[in-house]
Amino acid sequence: MNIRVQKYHGNPILLPQLGERSFEGACVYNPAAVVKDGKVHLLYRAEEGYYDRYVSRVALAISEDGFAFERYPNNPIIDRDPAREEEKRGIEDLRLIETKQGYFLTYTAYAGLNEEGITQIKLCGALSKDLVHWEKIGTLVPGREKAGAIVQDYKYKDRYVMYLGEGVLKVAFSKNLKLWEVKEQPVLEPREGYFDDFLVEGGPPPIVMDKWILVIYNSARGGVGYEGKREFVSYAPGYALFDKDDPAKLLFRSSQPIMEPTEYWEKYAKINYVIFANGLVHFRNKWLLYYGGADKSIGVAELMLTE
């Protein structure tokens with residue numbers, strides 16, 4: 001398996017919109033993507049405020065060519081629900097697949113920090129027929145989990161398959177997309193001495209190829225920070241190949257990232273040196289990967305895949 005990447009020369013393709021009442025005046029990033037009616041639809045994380053005051057919502061943008069996007073006029077399409085304590089600070093980091101029942105979205109619900117300073121997160125889901133009106137179904141798995149990437153157009157023993165987690169990657173199975181059984185043994189972990197030695201995290205929905213399942217994952221490289229603590233230095237995506245007949249079985253893992261933060265907008269913003277990919281579509285004979293840069297703006301790259 002070989003992956004070559006060409007970043008779009010017109011990046012970034014979406015920037016924050018300033019304004020007195022803008023819900024996306026601070027950041028737009030980490031979008032999910034799907035093709036509908038011959039157009040690419042991006043569901044992106046939109047923020048107002050910064051750091052310990054930010055609030056995240058979900059907005060929609062649509063493109064006829066995959067590169068030039070127009071925002072949906074009635075954004076945001078998904079807002080916080082006051083009745084859901086887990087969404088107190090918003091809805092983050094989306095992944096999106098199409099099923100026979102409609103569109104299924106996974107997202108991280110964020111409630112802020114607890115008394116110990118630990119982020120309070122839940123992996124949640126939502127259903128839609130049109131990408132605009134969404135029915136939230138609540139928490140998908142117990143505990144503190146996030147980054148749920150469900151394999152598109154694939155079932156294993158009549159069950160959907162999802163790769164999830166932050167820090168390590170796990171695999172989970174479900175018959176109905178709502179109730180998931182998580183295998184606690186990680187299927188992918190950080191590697192000392194590589195670009196992903198600090199953490200690994202789910203990327204866009206994996207795709208099934210002739211010989212394997214292609215999982216593009218996000219990762220961070222670590223370094224020694226203050227008081228000897230390891231802090232991430234740079235986020236960059238890599239890829240792994242899993243067995244189609246056993247989605248927990250790792251067959252291959254890239255030794256280098258598929259791309260790294262090189263452009264100014266990818267290196268300097270809310271969080272420096274970050275490429276974080278959530279959306280992948282096959283559109284007009286091209287694989288287009290959509291990603292957030294420096295937790296601030298959105299870009300796209302074309303992937304050339306050869307088995």
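Residue numbering note: each chain is counted from 1, following its sequence as written. Side-chain atom pairs in this predicted model are given and counted only at pLDDT of 80 or more, local residue features only at pLDDT of at least 70, and totals for whole chains, interfaces and linings cover all residues. Note: side-chain values were computed over all heavy atoms of the structure, leaving out hydrogens and water.

## Details of the overall build of the protein
Inference 1: The helix and strand tally for the protein stands at one helix and 23 strands.
Inference 2: Atoms counted for the radius of gyration: C-alpha only. Globule rule: 2.2 Å times residue count to the power 0.38. Relative to its length of 307 residues, the protein is compact, with a C-alpha radius of gyration of 18 Å against a globular reference of 19 Å.
Inference 3: Each principal axis of the C-alpha distribution contributes one length, and for the protein these read about 50 × 50 × 45 Å.
Inference 4: Out of the 307 residues belonging to the protein, those deemed buried represent 57%.
Inference 5: Considering only contacts within the protein whose residues lie at least 6 apart along the sequence, 52% involve residues at least 24 apart.
Inference 6: Working note: accessible area of the protein is about 14,000 Å², and carbon and sulfur atoms make up 47% of it.
Inference 7: The protein carries 40 positive and 44 negative side-chain charges, and their two centres are separated by 2 Å. Each helix is a run of H or I in the DSSP string that is no shorter than four residues. Each strand is a run of E no shorter than two, and both are numbered from the N terminus. When accessible area is computed with a 1.4 Å probe and restricted to protein chains, residues below 20% of their type maximum are described as buried, those above 50% as exposed, and intermediate ones as partly exposed. The contact criterion used throughout is that any non-hydrogen atoms of two residues lie within 4.5 Å. Only the protein chains shown count as cover for residues, and all accessible areas are computed by the Shrake-Rupley method using a 1.4 Å probe. Note on charges: Lys and Arg go in the positive column, Asp and Glu in the negative column, and His and the chain ends are not counted at all. One atom stands in for each charge, and that atom is NZ of Lys, CZ of Arg, CG of Asp or CD of Glu.

## Some points on the sheet that holds strand 11 (residues 160-164)
In a beta sheet, neighbouring strands are held together by backbone hydrogen bonds and run either parallel or antiparallel to one another.
Inference 1: Only when DSSP finds a minimum of two bridges between them are two strands counted as paired. Taking strand neighbours across the sheet as the criterion, the four strands line up as 10-11-13-14 in an open arrangement whose pairing is antiparallel. Taken across any chain shown, the strands that pair with only one partner, and hence form the sheet edges, are strand 10 (149-150) and strand 14 (181-188).
Inference 2: Of the strand pairs in this sheet, strand 11 and strand 13 (residues 169-174) are connected by five bridges, and their pairing is antiparallel. Pairing of Tyr160 across the sheet is with Ser174, part of strand 13.

## Brief notes about the sheet that holds strand 1 (residues 2-7)
Inference 1: Pairing is antiparallel in the open sheet, where four strands are placed in the order 1-23-22-21. Both outer strands of the open sheet, strand 1 and strand 21 (275-283), are each paired with one neighbouring strand and no more. Each adjacent strand pair in this sheet contributes to an overall mean axis angle of 30°, direction not counted.
Inference 2: Pairing analysis gives six bridges linking strand 1 to strand 23 (residues 297-306), with the strands arranged antiparallel. Along strand 23, the bridge assignment pairs Gln6 with Glu302. Here an axis means a line fitted to C-alpha atoms, over the contact stretch when the element is a helix, while the angle between two N-to-C directions is reported on a 0 to 180 degree scale.

## Quick look at the pairing of strand 20 (residues 246-253)
Inference 1: Across four bridges, strand 19 (residues 238-243) lies against strand 20 in antiparallel orientation. From the neighbouring strand, Ala240 faces strand 20, where its bridge partner is Arg253.
Inference 2: The loop that links strand 19 with its antiparallel partner strand 20 comprises two residues.

## Examining the packing of aromatic side chains
Inference 1: Stacked, tilted and edge-to-face pairs are distinguished by plane angle, under 30 degrees for stacked and over 60 for edge-to-face with tilted covering the rest, among Phe, Tyr and Trp rings (Trp via its six-membered ring) whose centres lie within 6.5 Å. For the structure shown, the criterion picks out 12 aromatic pairs.
Inference 2: Here Tyr163 and Phe242 contribute two aromatic rings whose centre-to-centre distance is 5.0 Å and whose plane-to-plane angle is 40°, an arrangement assigned as tilted. One end of the pair, Tyr163, is in strand 11; the other, Phe242, is in strand 19, with 79 residues separating them in the sequence. Each member of the pair Tyr163 and Phe242 is classed as buried.
Inference 3: Measuring from ring centre to ring centre gives 4.8 Å for Phe232 and Tyr235, while their planes differ by 65°; the resulting arrangement is edge-to-face.
Inference 4: Assessed through its relative accessible area of 13%, Tyr235 is described here as buried.
Inference 5: Members of the aromatic cluster, joined through ring pairs, are Phe232, Tyr235 and Phe276.
Inference 6: Geometrically, a lysine NZ or arginine CZ counts as sitting over a ring once it is within 6 Å of the ring centre and also within 35 degrees of the ring normal. Seen from the ring of Tyr194, Arg191 lies directly overhead, with NZ or CZ sitting 4.2 Å from the centre.

Function cannot be read off these values alone, since they describe shape.
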